[in-house]
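# Observations on chain architecture
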Amino acid sequence: MRDGRVRAQAASRDPAGVPFPAPGIPAILAAGVRKSYPGVEAVRGIDLTVAQGETFGFLGPNGAGKTTTIAMLCTLAMPTAGRIEIAGHDTRTAPGRVRRSLGLVFQETTLDGDLTAEENLRFHADLYALPKATLPARVDAMLDLVDLTARRDSLVRTFSGGMRRRLEIARGLLHRPRVLFLDEPTIGLDPRARAQLWTHLTEIREREATTLFLTTHYLEEAERCDRVAIIDDGRIVAQGTPAALKSVLGADRVELRTGDDTAAAAALRAGFGVHAVAGPGGVHVQAEDGARLVPRLCAGLDVPVYAVTVTRPTLDDVFLHHTGHRIRDVPREPTRDHPRPPDPGP
Ligand SMILES: Nc1ncnc2c1ncn2[C@@H]1O[C@H](COP(=O)(O)OP(=O)(O)OP(=O)(O)O)[C@@H](O)[C@H]1O
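All of these numbers come straight from a predicted model, not from anything done at the bench.

## As for the sheet that holds strand β4 (residues 81–86)
Sheet strands associate in pairs through backbone hydrogen bonding, adopting either a parallel or an antiparallel arrangement. Sheet architecture is open: four strands sit in the order β2-β1-β4-β5, paired in antiparallel fashion. Every other strand in the sheet has two partners, leaving β2 (40–50) and β5 (89–90) as the edge strands with one partner each. Of the strand pairs in this sheet, strand β1 (residues 28–37) and β2 are connected by eight bridges, and their pairing is antiparallel. Counterpart to I28 in the pairing with β2 is V50. Lying on the sheet, helix α2 (residues 66–73) is in contact with β1, β2 and β4; it crosses β1 at an angle near 120°.

## Notes on the pairing of strand β11 (residues 252–258)
Most of β11 sits inside the fold, with five of its seven residues counted as buried. Sheet analysis places β11 next to strand β13 (residues 282–287), joined by five bridges and oriented antiparallel. Residue L256 lies in a different strand from β13, and its bridge partner there is V283. Relative to strand β14 (residues 305–311), β11 runs antiparallel, the two being bridged by six bridges. By the bridge assignment for β14, T258 is matched with V305.

## A few points about the nonpolar core
Soluble globular proteins tend to bury their nonpolar side chains together. Judged by nonpolar contacts, the single largest core of 68 residues is most densely connected at I28, L73, A170, V179, F181 and F213. Setting aside chain neighbours within four positions, we find L73 in contact with I28, A30, I84, I86 and F181. Counting residues in hydrophobic clusters, the runner-up holds 10 residues, among them V254, L256, A276 and V285.

## Some words on helix α5 (residues 135–145)
Because an α-helix packs 3.6 residues into every turn, residues spaced three or four apart end up facing the same way. For α5, the complete set of buried residues consists of V139, M142 and L143. Relative to the axis of α5, the buried residues are bounded by an arc of 100° and lie together on one face. Residues of α5 that are buried make contact with α4 (117–127) and α6 (161–173). At the C-terminal side of α5, D147 shows a positive phi close to 65°.

Reading the values: rules and limits
- Residues numbered from 1 in each chain as written.
- Predicted model: local features only at pLDDT ≥ 70, side-chain atom pairs only at ≥ 80, totals over all residues.
- Pairing = 2+ DSSP bridges.
- Helix = DSSP H or I, 4+ residues; strand = E, 2+ residues; numbered from the N terminus.
- Contact = placed C-beta atoms within 7 Å.
- Axes fitted to C-alpha atoms, helices over the stretch in contact; angles between N-to-C directions.
- Buried ≥ 20, exposed ≤ 12 C-beta atoms within 10 Å, placed from the backbone.
- Core = buried A, V, L, I, M, F, W, Y, C linked by C-beta atoms within 7 Å.
- Arc of directions from axis to C-beta.

Written out as structure tokens, the structure is:
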């Protein structure tokens, strides 16, 4: 579903343009959205409201249902059940307007390596029938936005991974979409290229006022979003600002390695009334003031304690709290490395 043919299919044939949604209309609305494939319930009833101008992160492990959700939001897959509106347009009844309202950046590149950066943008402009008079200025602005002006005449096959991803973003924004969907935008990039891409995304928020909806399994990227939905096994298990999501866990995370983690977790729950879970890395406890609690916890346990660490909560802790496992504990989906069968429809 990520090849050039589908991209072309995603391009709207409605050249008249779509007016900006009125203030208060959500950029993205999803209600009770489900998607089943034969033998797999990929998305099991998702409700989302993303406001105009927000940067919204969809955080989950491999195989959680992120790409399937994005595909439905972008009209590339039909939900089995539920309703989706993008910038006020229903994906079932007004798919052309929806496509006109959004831009897409896929995990795998869909750029043409034998065209220059500028030619790739112009090709996209043709697909969207953008007005010729204003196109040169728009192309200049987009190349400038992603810092590729100096390489506009270079063939894309000579670009690094980071440069390609930046050009994909410029192309996704060319037709002034109200929502830019980015599926794992930094996957495969080195830390420097990832940091650079985020600088550009921050600038896009300011200069283009575009709503950004991105999937990620990188916790530090989810931290940069205004709000985050955490998805696991096709369900949203929590959503809110990163700070609000973490605040429900208390201020600190205490990790203990003990002689019997399961018994220790049970004893801590019973004896201290704390949220204690035994996992592969030891016993995890959420506590308001971890440093003060540690001596009491250790004194209250009958099993030997070998190591204790106290850290501030992360979104991974939020994930653990809601799912019982960490994002990195989930094995990578084998299907990710192989092309999927085409979407069989609802
Ligand atoms: N076209 C399809 N046919 C059959 N099963 C599918 C199809 N697309 C997705 N799935 C299954 O649906 C589930 C969710 O997959 P999805 O790609 O949405 O997860 P994801 O969170 O995006 O994972 P990743 O981070 O690896 O991209 C997986 O079990 C996957 O194998």
